[in-house]
Amino acid sequence: MSRFGNLGHRLYQGEVSFDFVGRRKLWYSISGVIVLVAAIGLAMGLHLGIEFKGGSVYTVTKPGLSVAQAQDVANKITHDSTALVQKTANGEVRIQVSSEEKIPASTFIEGLSKDLGVQTKDINAQVIGPSWGHEISQKALLGLVIFMVLVTVYLAIAFEWRMAVAALVALIHDLLITIGVYALVGFEVTPGTVIGFLTILGYSLYDTVVVFDTVKENTKGITKQNKQTFSEAANHGLNQTLVRSINTTVVALLPVAALLFIGGGLLGAGTLNDISLALFVGLAAGAYSSICVATPLYAQLKEQTPEMRALAKKVAARREADAKAAAEAPADAAGQAVEDEITAGMVGQRNQPTGRSRSKGRPSGKH
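Residues numbered from 1 in each chain as written. Predicted model: local features only at pLDDT ≥ 70, side-chain atom pairs only at ≥ 80, totals over all residues. Heavy atoms only, no water.

Trainee: Go over the pattern of salt bridges, please, and point to the residues and values.
Mentor: With the rule as written, the count across this model stands at 6 salt bridges. The partner of Asp115 in a salt bridge is Lys76, with the nearest N and O atoms 3.8 Å apart. Of this pair, Asp115 sits in helix α5 (residues 105-116) while Lys76 is found in helix α4 (residues 67-78), placing the two residues 39 residues apart along the sequence. A relative accessible area of 54% places Lys76 in the exposed class. Ionic contacts of the salt-bridge type, sharing partners, join the residues Glu160, Arg162 and Lys302 into one network. (Salt bridge = Lys/Arg side-chain N within 4 Å of Asp/Glu carboxyl O. Helix = DSSP H or I, 4+ residues; strand = E, 2+ residues; numbered from the N terminus. Buried < 20%, exposed > 50% of the residue type's maximum accessible area, 1.4 Å probe, protein only.)

Below you can see the structure in the form of C-alpha cells.
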C-alpha cells in the first residue's frame, strides 16, 4: 500500500486527524481575504464577450494567417485596438468587434479581404445585436438563480436546512472567487464561461454532499453518548473523505490544466480559455470550500442547537472526570505501594527467628 493510501486508511480509522472544523476561524479568514480580492477585481468590471454586449464576429479562413497580422488589419479598419483576435482550434482566425464600433459589416469584410488578401467568401460574418446579448445575460442569471433554489430545497429535504445553508454559502463562495479571477485576469466572459460556472457549481455541490453524507452517518444518534462532540464527529467524517476529495480534484484538474496551459497557452487556442479557466479555478475553489467552508459552517450551526450544547456539556464533564481520575491514580498507586511496603515489613518482622531471646528465660537443663 502506498503512503498516501496508508494515510487515507489511517484517516478513515481515526488514527490520524486534521482539525479542520476546530480551525474554522482560520479558514473563514483565508476565504474572506480571497473573496475580498475577488470582489475588488469584480468591481473593476468583467470583460464581457460579444454574445452579451453585442457586436460582430468575423471568421477568416486563410492558411498561415497569424493573430498578429489579423490584429493589425482589424486595428487599421477600426482606427483603435478594441478588436479581439483569437485563433480557433481548426486554424481559423476569429475577430470580434464591439457594437460600439459603427462600422457596417460589408465595409469591414471588404477591408479584411483587401488587406489580408483573401476572398470575401472566405470571411464569415455574424452580427449580434445588444438586445440579444441582454436577453442571454438575463437567461443566464435566471438559470443560476433557479439552480441555487433547487439545490437549497433538495438539501433541506434530503438532509436538513443547516446543511442547505452551508452548501449554499460554499457555492456562492466558489462563484465569487471564479468570477473575481476572471475580472482580475481579464479573460473574456462567453456562453462557454457560463457553462463552466454551472459545471463547477455542480462539482462543488457533489463534493459537499459526499462529505455531508459521511458526517450524517457519523453523527447519527450522537446524543446517546458522551465521548465526542458534534464538531469532533463531523471533523472525523471530513477526514474520512479527505483523501477521496483530493484524489477526485487532482484527477479532474489534470485535463482542465492541459486545456488551459497547453491548449490555450502554448498552442494559442484562445477559445479554450473561457471555459478552461472557469473549470480550473472553480474545481480548486470547490474542493477547498467543501473541506474548509461547508463542513465547518454546518458544524458551527449545529453546535448552536440545545441538544448539541447539552452534549458538549456532557462530553466536557466526562473528560473532566476522566482527567481528575487520571490525576488521582498515581497518588493512589503511590500510597498503595507505601502501604504494601509497610505491611511487608511488619510481616517480615513477625517471621524473624526468636530462638535466642526465648532461651535467655529458660533453664539450661544443667544442675
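Trainee: Would you mind going over the environment of Thr241 in detail, with residue names and values included?
Mentor: Examined against the element boundaries, Thr241 turns out to sit in the loop between α9 (230-240) and α10 (242-266). Remark: the alpha-carbon pair of Thr241 and Val211, spanning 30 residues in sequence, is separated by 6.3 Å. Among residues more than four places away in sequence, those in contact with Thr241 are Val210, Val211 and Thr214. (Contact = heavy atoms within 4.5 Å.)

Trainee: Hey, could you go over the side chain of Thr193 for me, with residue numbers and the actual values?
Mentor: Here Thr193 lies in helix α8 (residues 191-218). The residues contacting Thr193, other than those within four sequence positions of it, are Tyr182, Glu188, Asp274 and Ala278.

Trainee: I'd like a rundown of the packing of α8 against α9, residues and numbers included.
Mentor: Remark: α8 packs on α9, axes separated minimally by 8 Å, with the N-to-C direction vectors making an angle of 135°. The angle between the axes of α8 and α9 places the two elements in the oblique class. The element α8 and its partner α9 pack so that their crossing is right-handed. Of the residues in α9, those in contact with Val211, Thr214, Val215 and Asn218 of α8 are Ala233, Ala234, His236, Gly237, Leu238 and Gln240. (Axes fitted to C-alpha atoms, helices over the stretch in contact; angles between N-to-C directions. Parallel < 35°, antiparallel > 145°, perpendicular 65-115°, else oblique. Left-handed = near helix turned anticlockwise from the far one by under 90°.)

Trainee: Now, about the confidence of the model for the protein chain: what can you tell me, with residues and values included?
Mentor: On average, residues of the protein chain score 80 in pLDDT, and 81% of them reach the 70 mark or higher. The spread of mean pLDDT over the elements of the protein chain runs between helix α13 (residues 355-360), the lowest at 46, and helix α2 (residues 24-44), the highest at 91. Predicted confidence for residues 354-367 stays below pLDDT 50, and this span has 0 contacts to residues more than four positions away or in other chains. (pLDDT = per-residue confidence, 0-100.)

Trainee: Can you explain α9? Please cite residues and give values.
Mentor: The buried fraction of α9 is high, at 9 of 11 residues. Of the residues making up α9, those classed as buried are Phe230, Ser231, Ala233, Ala234, Asn235, Gly237, Leu238, Asn239 and Gln240.

Trainee: Give me the lowdown on the sheet that holds strand β5 (residues 123-128), citing residues and values where you can.
Mentor: One open sheet holds the 4 strands; their spatial order is β3-β4-β2-β5, and the pairing between them is antiparallel. Each having just a single partner strand, β3 (84-87) and β5 make up the two edges of the open sheet. Taking the axes of each pair of neighbouring strands and ignoring which way they run, one obtains an average angle of 15° across the sheet. Sheet analysis places strand β2 (residues 55-60) next to β5, joined by 6 bridges and oriented antiparallel. From the neighbouring strand, Ser56 faces β5, where its bridge partner is Val127. Against the sheet, α4 touches β3 and β4 (93-98), its axis set at about 160° to β3. Each of β2, β4 and β5 touches α5; the most contacted strand, β2, lies at about 30° to it. (Pairing = 2+ DSSP bridges.)

Trainee: Can you tell me about the side chain of Ser276, naming the residues and giving the values?
Mentor: Along the chain, Ser276 falls in helix α11 (residues 273-303). Discounting chain neighbours no more than four positions away, the residues touching Ser276 are Val256, Leu259 and Leu260.

Trainee: Outline the environment of Phe261, listing residues and values.
Mentor: By secondary structure assignment, the location of Phe261 is in helix α10. Expressed as a C-alpha distance, the spacing of Phe261 and Asn273, which sit 12 residues apart in the sequence, is 8.8 Å.

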